[in-house]
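# Architecture and fold: a report
Here is what each chain is made of, one letter per residue.
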Amino acid sequence: MHTGPLAGSQPLTKFIAGNARWLGAGALLTLLSSFGQTFFISIFAAEIQSAFDLSHGAWGGIYSLGTTASAVVMIWAGGLTDRFRARHLGAGVLMLLAAACLMMAANPFVWALPVVIFALRLTGQGMTSHIAIVAMARWFVATRGRALALASLGFSLGEALLPLSFVALMTVMDWRLLWVAAAIVALIGVPVLLSLLRTERTPQSMAEENASLGMRGLHWTRMQALRHPLFWFMFPALLGPSAFNTAFFFHQVHFAQVKGITHLSLVALFPVYTLCSIGFLIISGWALDRFGTARLLPFYQLPMVAAFTLFGLGQGIVPLIAGFFCLAMTTGANSTLPNAFWAEFYGTCHIGSIKAMAAAVMVLGSAIGPGITGVMIDAGVTLNVQYLGIAAYFIFTSAMVGLGIVRSRADRA
């Protein structure tokens, strides 16, 4: 049985064993992207605001400025995955991520904080995760859903372990030293990645030898994808989870205060959320390979409606656990379905450039969410009220995706 990166249907254990090197590289990159993700940076929100004397709105504005700049650069940088090996590009980006972590540890100037955020977001949330996802979508075809799910376990592992451990470590260590530790971990990842991908092929050869066609039997370019209506029907759904998941975790310290619980009590629920998201990640990967993205996409954001309704109206631990469960349903599916969508609908030849545009939209969302919610908090609009509005937004995104899928049916025939 063929067990290379494009292996067909086979038992999960054999699939993992035959492709462990490539899957492990993807999981490593998604794990290390944590240092540029909001759930990690926001752990230090109170310390950063105190060190630089920032209000919720000012901190949110700085975060949005740096993140927006990284979204703009991602449009160009993401396309590098169509030109360079994941092995070399990934190693270079991890070194830049380590440098960004050291910048956060050493920076004494408030004016430089947007630059630090830009560097962390571009190298971490942006490029490190982008390289992993594009590689999985390109290297795997028949088993793309499973590959994306398994590689995305790195996101879940980071969400489960890093907040709880770093919040605990902050009680005995200075927060800036913890950023030095993050830089060291990122650097350790470089030789590990190079070892895992020592037999990796070039994007060009993979595109030519194992191409997967999109709608109309074509390989779509980025400009062709942008001119197709389906991209714009997907736009609110691309923006939403990134914007409002980011906002939720960004304001986690303030949210704990609003709900009358300690920050550590809230962070202690993160592993529950992560375990649930892992479960739905695996389920969505299996469902993707079985049913395809078109049947699943219109429904995967509906659990966000329930999640933010519970976060807005609930009080105490039990509603928070239920909210995290619903949030995990969409979070898990969001790691597979949208990423497979680009390859399935637009082909794999130019997937790096197309996915870069989508990644830029998602990074932009992660800039908008904290900024808007921070300003509204300063203006007196409570998170409880804001989260009910966010729940309504996800009803809208689901309707838009469903309409877009229906309208594109002729192109997929």
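Residues numbered from 1 in each chain as written. Predicted model: local features only at pLDDT ≥ 70, side-chain atom pairs only at ≥ 80, totals over all residues. Heavy atoms only, no water.

### A closer look at the overall build of the protein
- Broken down by element type, the protein carries 23 helices and zero strands.
- Here the C-alpha radius of gyration of the protein, 20 Å, is about what a compact globule of 413 residues would show, namely 22 Å.
- By its C-alpha atoms, the protein is 55 × 45 × 40 Å across when sized along the principal axes.
- Within the protein, the proportion of its 413 residues that are buried is 60%.
- Counting only contacts in the protein whose residues sit at least 6 apart along the sequence, the fraction spanning at least 24 positions is 85%.
- When the 22 positive and 12 negative side-chain charges of the protein are each reduced to one mean point, those points stand 10 Å apart. (Helix = DSSP H or I, 4+ residues; strand = E, 2+ residues; numbered from the N terminus. Rg over C-alpha atoms; globule rule 2.2 N^0.38 Å. Buried < 20%, exposed > 50% of the residue type's maximum accessible area, 1.4 Å probe, protein only. Contact = heavy atoms within 4.5 Å. Lys, Arg positive; Asp, Glu negative; His and termini not counted. Charge placed at Lys NZ, Arg CZ, Asp CG, Glu CD.)

### Remarks on the confidence of the model for the protein
- Averaged over all residues, the pLDDT of the protein is 85; the fraction at 70 or higher stands at 93%.
- Of the regions scoring below 50 in pLDDT, residues 1-8 engages in 23 contacts with residues more than four places distant in sequence or in other chains.
- The model gives residues 201-210 a pLDDT under 50, and that stretch makes 21 contacts with residues more than four places away or in other chains. (pLDDT = per-residue confidence, 0-100.)

### Structural notes on the side chain of Asn245
- Examined against the element boundaries, Asn245 turns out to sit in helix α13 (residues 229-250).
- In this structure Asn245 touches Gly240, Tyr273, Met304, Phe308, Leu327 and Thr331, once residues within four positions along its chain are discounted.

### What to know about the nonpolar core
- Counting residues in hydrophobic clusters, the biggest one holds 130 residues, and the most contacted among them are Phe40, Phe44, Trp59, Trp179, Phe308, Phe311 and Tyr346.
- Ranked by residue count, the leading element in this core is helix α7 (residues 113-139), at 15 residues.
- With near-sequence residues (within four places) excluded, Phe44 lies in contact with Phe166, Met170, Trp175, Leu178 and Trp179. (Core = buried A, V, L, I, M, F, W, Y, C linked by side-chain atoms within 4.5 Å.)

### Describing a nonpolar patch on the surface
- A cluster of nonpolar side chains, namely Leu169, Val172, Met173 and Leu177, defines an oily patch on the protein surface of about 350 Å² accessible area.
- Looking at where Val172 falls in the secondary structure, it is placed in the loop between α9 (153-169) and α10 (175-196).
- On the accessibility criterion, Val172 (68% relative accessible area) is exposed. (Patch = residues over 30% accessible without salt bridge, like charges linked within 9 Å, V, L, I, M, F, W, Y side chains within 5 Å. Areas by Shrake-Rupley, 256 points an atom, 1.4 Å probe, with all protein chains shown as cover. Salt bridge = Lys/Arg side-chain N within 4 Å of Asp/Glu carboxyl O.)

### Some words on the packing of aromatic side chains
- In this structure the tally under the stated criterion is 41 aromatic pairs.
- Here Phe248 and Phe249 contribute two aromatic rings whose centre-to-centre distance is 5.2 Å and whose plane-to-plane angle is 85 degrees, an arrangement assigned as edge-to-face. Residue Phe248 shares its accessibility class with Phe249, and that shared class is buried.
- Ring geometry for Phe248 versus Phe324: centroids 5.6 Å apart, planes at 80 degrees, classification edge-to-face. Here the residue Phe248 occupies a position in helix α13, and Phe324 occupies one in helix α19 (residues 317-334), the gap between them amounting to 76 residues. Pair check on accessibility: Phe248 and Phe324 agree, each one buried. (Phe/Tyr/Trp six-rings, centres within 6.5 Å; stacked < 30°, edge-to-face > 60°.)

### Quick look at unusual backbone geometry
- The backbone phi angle of Asp53 is positive, close to 55 degrees, even though this residue is not glycine.
- Within the secondary structure, Asp53 sits in the loop between α4 (45-52) and α5 (56-77).
- With relative accessibility at 71%, the residue Asp53 sits in the exposed group.

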